[in-house]
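If you want the building blocks of each chain, they are given just below.
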Amino acid sequence: MEAFKTILSKTAPLPLENVDTDQVIPARFLKATTREGFGENLFRDWRYNQDGSLKDDFILNKVTGATILLAGKNFGCGSSLEHAAWAIHVYGFKVVVSSFFADIFKNNALNNGVLPVQVSDVFLADIFKAVENNPMQKLKVDLENQLISIVGTGQSESFAINAYKKHCLLNGLDDIDFLISKKKDIEEFEKRALAYT
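Every value quoted in this text rests on a predicted model; they were computed, and no experiment measured them. (Residues numbered from 1 in each chain as written. Predicted model: local features only at pLDDT ≥ 70, side-chain atom pairs only at ≥ 80, totals over all residues. Heavy atoms only, no water.)

1. Considering the overall build of the protein chain
Rule in force here: Secondary structure elements are taken from DSSP: a helix is a run of H or I of four residues or more, a strand is a run of E of two residues or more, and numbering for both begins at the N terminus. We call a residue buried when its accessible area falls under 20% of the maximum for its residue type, exposed when it is over 50%, and partly exposed in between, using a 1.4 Å probe and counting protein chains only. Areas reported as accessible are Shrake-Rupley estimates using a 1.4 Å probe. Residue values count occlusion only from the protein chains shown. As used throughout, the charge tally considers Lys and Arg to be positive and Asp and Glu to be negative, leaving His and the chain termini uncounted. Charge positions come from single atoms, namely NZ of Lys, CZ of Arg, CG of Asp or CD of Glu.
Check the secondary structure of the protein chain and you find 8 helices and 7 strands. Over its C-alpha atoms, taken along the principal directions, the protein chain stretches across nearly 65 × 45 × 25 Å. The buried share of the protein chain, taken over its 197 residues, is 44%. On the protein chain, roughly 10,600 Å² of surface is accessible, and the fraction owed to carbon and sulfur atoms is 51%. Once the 22 positive and 25 negative side-chain charges of the protein chain are each reduced to a mean point, those two points are 4 Å apart.

2. What about helix α3 (residues 82-91)?
Short version of the rule: In what follows, a contact means two residues having at least one pair of non-hydrogen atoms within 4.5 Å.
For α3, the set of buried residues is His83, Ala84, Ala85, Trp86, Ala87 and Ile88. For α3, the secondary structure elements touched by its buried residues are α1 (21-24), β3 (95-98) and α4 (103-111). Gly92 sits one or two residues past α3 and shows a positive phi near 125 degrees.

3. Some thoughts on the environment of Ala3
With respect to the helices, strands and loops of the structure, Ala3 is situated in the segment before β1 (6-14). Not counting residues up to four positions away in its chain, the partners in contact with Ala3 are Leu169, Leu170, Asn171 and Gly172.

What follows is the structure, encoded as structure tokens:
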């Protein structure tokens, strides 16, 4: 995974509540066993017409270069598809901001290098308002200090994250990488354990 400490980016605002994982990545794309093509199929049924042409009015077809997805409340609900996190990551989003995440989606996102930043309902509304007033408005997400800020207004709010997952994101480690980084400690523990048998 790619390590990061701070993300400064404009957003792709998706002011919809209860966006489920089947809307994030439709079930017909779940037969794949690799992540190839998942980014182009993110929100497939919302982004494309039936003939495969882009829908001009969908936000991802209007905003390019954003690494922060700004979502409504209860993002990632529905079935426990890790593919939803894959699609978001492969598309290029590093952060998803919402006032509530489904637990399984939240864990899947963290396991795939995407930071879910949960903010209060009031602060989420403030972000949407700031982005509506200025579509180029940037957010700053400071993972190290667990702080999200609206650059143009100076408003900020802290967010929570599991300490282990924070360590992994800051260092670009997935769970296997983390275990490998502890190889020496594990071997020493095994030696001590064997000495007592």
